[in-house]
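Listed below, chain by chain, are the residues.
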Amino acid sequence: MTSSSSTATATGERRDQASPPALEMQDARKVYEVAGEDVVALDQATLSVAAGEIIALVGPSGSGKTTLCSIAGGLLSATSGSVVVGGQDITGFSARQLTEFRRTSVGFVFQSVNLVPFLTARENLLVVDELAGRAGRKGDAAARADQLLDELGLTARAGNLPGQLSGGQSQRVAIGRALMNEPDLVLFDEPTSALDSTLGDQVVKLIRDEMKARGTAAIIVTHDDRITHYADRTVHIEDGRVDA
Amino acid sequence: MLALREIRRSLVRFGLLVAAIALLVFLILFQQALRDGLITSFVGGIRNQSAPVLVYNVDALNALQASSISPDLERKISQAEGVGRTARVGERTFTAMVDGGDTQDASVIGTDDRQLFHPTELSKGRRPSARAEAVGSDADFAVGDKVEIVPAEGGGSVTITVVGVAEDIQLSVTPTLFTDLETFGDAVRAANPDVTEVPPNAIAVAPENGASPESVVAAINASSPDADALTRADAAASSPGVAQVTRSFQVIFLLYGLVVPLVTGLFFLILTLQKAPSLTLLRAVGARKAVLVRSLLTQVVLIVGLGLVIGVALFFPLSQSRVGGLPLGFSSAAVISWSVLLLFLALISAVASLRRVLRIDPIQATRGGGVR
Amino acid sequence: MRLAVTELLRRPGRFVLAGVVLTLISLLLMLLGGLLDGLIASSTGAYRAQPGDLISYSSRSENSLVRSRITASDRSVVSQTPGVQAVGGLGSIQLGARPGDDPKSRDPFATVLFGYELAPRGLPATPPAQGSVYADDVLAGDGVAVGDTLLLGPQRSPVKVRGFVTDTRYAGQASLWGSLATWRAVTTENRPGQTPGDTVQALIVETGASPPATVAQTIDEATDGRTTTLTVTRATQELPGVAQQTATFNQIIGVTVLVALVVVALFFALITVERTAQYGLLKAIGASGFTLFGGLIAQAIAVTLVAAAIGVGAAVVFAAVLPPGAIPFQATPARLAGNVGLMLLASVFGCAFSLRRVLRIDPASAIGS
């Protein structure tokens, strides 16, 4: 299992252990200016996530979890420090480069707004590919979407609009969407907060199974103890500082 | 105040609405002035003269210049029931020079009875008391002007002195002079020396004591198939082109008038729908319905009011000028009526939003929802 | 783009509101434009149909056909001027016309009888015989048929209709076209004070290959300034009311297009605000601000096209069902296409108001909401 690293495009192939780390964040710092004063949202955060590793990120409100995930996912640029995702150094990326990066290399599962309300479950999966423009489009998107829906147990719901899906089903569609572009890293923001315990349990298991099957790394922001059990590692963050 | 704070936070949106309303108000007022100016410039001379009844030849199709009254017809008219004094009226357009300046058009109206078919009110000067004196339209002439009719080859010289001026007495958007019938005849012969006789274009009629203009009109029309008698107001309204213009503008006003309440109503409806969660929250924490309603209505009045003010301000400088040769004017009456109407329509259009606001159920706040 | 269209098709509700207002504005534009075209056409048809390049009035007439008179001697001077290929006289008289079988009618048609020599578009090269005329086909809508007799003026001068022509109206009235002799006879009978004798009101001049502007000047010099000669095009623009109506209506149309722009800006700004979360999500998963804005423009254009189509349809129907003479209205393809173009422009520029907001939506705001 120690062949030279390559990121395969066929479904379900594992990335091997010699793949670059999913995330290498070094001394990342994010400072906002609010009403003339500097607010430090993230302070010298250093975090490493290996390929295929699942991290639970835990901390009180306002501790900087969201900021850290935003930077790791290329939604924000750090004020200083370096960020390397899946071997790609995104530290100095422009907004346009970050947009491209997000489209090809990361996945997001947000806490509330996840799905486009007027697209069916299947279309929500395909939307990432559609945003690629003619050049970046992959011919196998439809097949991949169907496969993911099948794995997530959503084939029967493929033609439903988000309004017609239960909370758990919506969450699963979001996970499928996050995996469509075969990302190096998926960022989850409180994936079980809106779900009851049985459902939450199912979703957590599903997350772990899907991530491990593909060797995709994940950072899961959470309060939920179950997730910390399913994660490979728990990282604490408080006042913008990471306790790695 | 809630209403103001919300406006301040979304200046672009409210600003755009104010802009839309201001432009529409401007357009409506502009077209109103245009229509009034058009009508006045075409038939002011007929509306503001002293004869209550006018008789044309039916062939003239209500065009004064195209009408011609034969002596026989004139006799029948004067014999009709209820007819008091009559006067012969001649009208034609000539090329003229004012005080030796450039040539221009001039419409000359002559009557053989100065009480009939003369401007009812003067703004300056006096009425003519001798031959070749005239009252002119005040936009084109000044007291003391000498107007010379440009003669054709072999034609005589005719000069008319302007002794008084009046407002809104033009005909067919042309500088107009009211003078006596003999001078009119002289002018016709000066421009066309071959002319032998100059029949009148119309007969002006004053009803006898006790007779109404309408009954006189009916009597005259019955007296001869060639007679086309009209009250002064009808003569003005049915002049060629005026009726069409009025009708066209009617439709235009209707459409523009609809756009304003539609835009306002839809804007506030959309806004209310977008605000539903925060409105629900406010109701949940104890804001009375009346407060929310008052806030909405305040916004409507403020925005529409501001739009009205800006629209009127845009219109005012334009109203002082001429457009396409037509004098516009600033009619406070028109501005006020339109303002009241549009404000009223806008408030009505807010009813849909009001109903939404009143239907909000505060308990929805606990379910994180708003009005659906 | 597909995303934007899908949204439009599946969630038409939020766009319908803007669409209603735009449809109203579209109707306004079609009405205004159609009115203008109708007014102008009914005033200028007779002139636009003229064959020549130039028209000569008498100088004292202030370029008014009704007041102009060209003598026979001046006419021969003009016809001998170098550059002049052909000269034809033109005379006109405005009269009421009654149907031959209803001489007592109190409701005559408003007509203008022209006498011609050089045939306008659609008329025979040799003018009809004395007492015969061709009529503008607007009279056909009033029930006049070929072979009918019309009685002109207070003297009921009879003329027989030999055929119809299209688009030859003058001053808003239907025109009748006959020989100069017919015109002279009718004028002498009905306007005793205005016998034409052997004069005409104006001369239509064909210049062949020579440049009209130069020939015009030469003509006026040859007549010692007794004539004023213009191109027919310019004379058409100077017909009473034409320039003013065009300028005024165009101003109103311009401001109305501005209103359309503001309306689009307004409603799409509202729509954008409503979709902030959705845009944030799409940006997070890799849509660029410009892609989203392109989708917005596509939606604005789609809504505008629907509104414009309804306006065009209404204009065509309106023109078809309008009783002739009620309101001057014409629905020409050029005007309709022009209005659609203007609305599309207004739509695209109106969207610009939302550009900044769309570009500035922060994808990071989609997290932790």
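Use the structure listed above.
Keep in mind that this is a model prediction, so the values were computed, not measured.

A.B. asks: What is the right way to look at the overall build of chain A in this model?
C.D. replies: A tally of helices and strands in chain A yields 8 helices and 10 strands. Expressed as a percentage of the 244 residues in chain A, the buried residues total 51%. Taking contacts inside chain A between residues at least 6 apart in sequence as the whole, the part at least 24 apart equals 72%. Of the accessible surface of chain A, which amounts to about 10,800 Å², a share of 47% is contributed by carbon and sulfur atoms.

A.B. asks: What is the right way to read the overall build of chain B from this model?
C.D. replies: When its secondary structure is counted, chain B shows 10 helices and 12 strands. Taking 21 Å as the expected radius of gyration for a compact globule of 372 residues, we find that chain B reaches 29 Å, considerably beyond that expectation. With the C-alpha coordinates of chain B rotated into their principal frame, the extents come out at 95 × 50 × 30 Å. Across the 372 residues in chain B, those meeting the buried criterion constitute 52%. Taking the contacts inside chain B whose residues are at least 6 apart along the sequence as the reference set, 77% of them involve residues at least 24 apart. A total accessible area of about 15,700 Å² is found for chain B, and carbon and sulfur atoms account for 57% of it.

A.B. asks: Sorry, what's going on with the pairing of strand β2 (residues 37-49) of chain A here?
C.D. replies: Two faces make up the sheet, and in a regular strand the side chains alternate between them. Residues and elements named next belong to chain A. Bridge count between strand β1 (residues 23-34) and β2: 9 bridges; the pairing is antiparallel. Its bridge partner being in β2, Met25 is matched across the sheet by Leu47. Joining the antiparallel neighbours β1 and β2 is a turn of 2 residues, in which Ala35 adopts a positive phi near 50°.

A.B. asks: Sorry, what's going on with the packing of helix α2 (residues 11-47) of chain B against helix α7 (residues 242-284) of chain B here?
C.D. replies: Working note: a packed helix pair is described by the angle between its axes plus the distance between those axes. All names here are of chain B. Axis separation between α2 and α7 bottoms out at 11 Å; the angle between their running directions is 170°. The orientation of α2 relative to α7 falls into the category roughly antiparallel. Classifying every residue of the contact of α2 with α7 by side-chain character gives 23 nonpolar, 7 polar and 2 charged.

A.B. asks: Is there a simple way to explain the interface of chain B and chain C in this structure?
C.D. replies: Buried accessible area, meaning the area lost when the parts come together, often serves as the stated size of an interface. The interface of chain B with chain C comprises 58 residues on the first partner and 51 residues on the second. Of the roughly 4,800 Å² buried where chain B meets chain C, counting both sides, 68% is carbon and sulfur surface. The interface formed by chain B and chain C holds 4 salt bridges in total. With its nearest N and O atoms 3.5 Å apart, the salt bridge here joins Arg156 of chain C to Asp226 of chain B. At the boundary of chain B with chain C, the tally comes to 11 residue pairs in polar contact (both at pLDDT 80 or more). Where the side of chain B that touches chain C is concerned, the elements lending two or more residues are α2, β2 (83-98), β3 (103-111), β10 (227-231) and α7 of chain B. Broken down by element, the residue count for the side of chain B that touches chain C peaks at 16 residues, all from α7 of chain B. Broken down by class, the residue content of the side of chain B that touches chain C amounts to 33 nonpolar, 15 polar and 10 charged.

A.B. asks: Before we go on, may I ask you to explain the pairing of β2 of chain B in this structure?
C.D. replies: Residues and elements named next belong to chain B. Relative to strand β9 (residues 202-207), β2 runs antiparallel, the two sharing 5 bridges. Note on β9: the bridge partner recorded for Val83 is Pro207. With 9 bridges connecting them, β2 and β3 associate as antiparallel partners. Among the inter-strand pairings, Met97 is bridged to a residue of β3, identified as Thr103. The antiparallel hairpin formed by β2 and β3 contains 4 residues in its connecting segment, where Asp99 sits at a positive phi of about 50°.

A.B. asks: I tried to follow the interface of chain C and chain A on my own but got confused; where do I start?
C.D. replies: Taken residue by residue, the interface counts 24 residues in chain C and 27 residues in chain A. Both sides of the chain C and chain A interface together cover about 2,300 Å² of buried area, and 68% of this is carbon and sulfur. The tally of links from chain C across to chain A stands at 2 salt bridges. With a closest N to O distance of 2.6 Å, Arg10 of chain C and Glu123 of chain A form a salt bridge.

A.B. asks: What am I meant to see in the sheet that holds strand β5 (residues 88-89) of chain A here?
C.D. replies: Residue and element names in this part refer to chain A. Read from one edge of the open sheet, 4 strands run β2-β1-β4-β5, paired in antiparallel fashion. With partners counted over all chains shown, the strands left at the sheet margins are β2 and β5, one partner each. Relative to β5, strand β4 (residues 80-85) runs antiparallel, the two sharing 2 bridges. Note on β5: the bridge partner recorded for Val85 is Gln88.

A.B. asks: Sorry if this is basic, but what is going on with the nonpolar core here?
C.D. replies: General note: in soluble globular proteins, nonpolar side chains tend to be found buried as a group. Counting 168 residues, the largest nonpolar core has Leu23, Met25, Leu68, Leu185 and Ile219 of chain A, Tyr256 of chain B together with Leu282 of chain C as the members making the most contacts within it. Looking at this core, the element that brings in the most residues is helix α7 (residues 242-274) of chain C, giving 19 residues. Here Met25 of chain A is in contact with Ala45, Thr46, Leu47, Leu68, Ile71, Ala72, Ser82 and Val83 of chain A, once residues within four sequence places are set aside. Counting 33 residues, the second-largest nonpolar core is a separate cluster that includes Phe188, Leu206, Met211 and Ile227 of chain A.

A.B. asks: Hey, could you run me through the sheet that holds strand β7 (residues 185-189) of chain A in this one?
C.D. replies: Pairing between the strands of a sheet comes from backbone hydrogen bonds, and it takes one of two forms, parallel or antiparallel. All names here are of chain A. Spatially, 6 strands are ordered β6-β7-β8-β3-β9-β10 in an open sheet, and the strand pairing comes out mixed. Bordering the open sheet on either side are β6 (106-109) and β10 (241-243), each of which pairs with just one other strand. If you compare each strand with its neighbour and ignore which way they point, the axes differ by 20° on average. Alignment of strand β3 (residues 54-58) against strand β9 (residues 233-238), held across 4 bridges, turns out to be parallel. By the bridge assignment for β9, Val58 is matched with His236. The sheet contacts of helix α1 (residues 65-72) involve β3, β7, β8 (217-221), β9 and β10, and relative to β3 the element is tilted by about 145°. Lying on the sheet, helix α6 (residues 167-179) is in contact with β6 and β7; it crosses β6 at an angle near 170°.

A.B. asks: Teacher, can you tell me more about the side chain of Glu91 of chain B here?
C.D. replies: Residue and element names in this part refer to chain B. Structurally, Glu91 can be placed in strand β2. Among buried Asp, Glu, Lys and Arg side chains, Glu91 stands out as unpaired, with Arg92 the closest opposite charge at 7.3 Å. A polar atom in the side chain of Glu91 sits 2.7 Å from the side chain of Ser107.

A.B. asks: Quick question: what am I supposed to make of unusual backbone geometry here?
C.D. replies: With glycine set apart, most residues show a phi of negative sign, and most peptide bonds adopt trans. The backbone phi angle of Glu182 of chain A is positive, close to 50°, even though this residue is not glycine. With respect to the helices and strands, the residue Glu182 of chain A is situated in the loop between α6 and β7.

A.B. asks: Got a minute to help me understand the arrangement of the chains in this structure?
C.D. replies: In this assembly, 2 pairs of chains are in contact, and the pair with the greatest number of contacts comprises chains B and C. Nothing in chain A touches chain B; the tightest C-alpha to C-alpha distance between them is still 13 Å.

Calculation criteria
- Residues numbered from 1 in each chain as written.
- Chains lettered and ligands numbered in written order.
- Predicted model: local features only at pLDDT ≥ 70, side-chain atom pairs only at ≥ 80, totals over all residues.
- Heavy atoms only, no water.
- Helix = DSSP H or I, 4+ residues; strand = E, 2+ residues; numbered from the N terminus.
- Buried < 20%, exposed > 50% of the residue type's maximum accessible area, 1.4 Å probe, protein only.
- Contact = heavy atoms within 4.5 Å.
- Areas by Shrake-Rupley, 256 points an atom, 1.4 Å probe, with all protein chains shown as cover.
- Rg over C-alpha atoms; globule rule 2.2 N^0.38 Å.
- Pairing = 2+ DSSP bridges.
- Axes fitted to C-alpha atoms, helices over the stretch in contact; angles between N-to-C directions.
- Parallel < 35°, antiparallel > 145°, perpendicular 65-115°, else oblique.
- Nonpolar A, V, L, I, M, F, W, Y, C, P; charged D, E, K, R; others polar.
- Buried area = accessible area lost by both parts, 1.4 Å probe.
- Salt bridge = Lys/Arg side-chain N within 4 Å of Asp/Glu carboxyl O.
- Polar contact = N/O pair within 3.5 Å; in protein donor to acceptor, adjacent residues only side chain to side chain.
- Core = buried A, V, L, I, M, F, W, Y, C linked by side-chain atoms within 4.5 Å.
- Lys, Arg positive; Asp, Glu negative; His and termini not counted.

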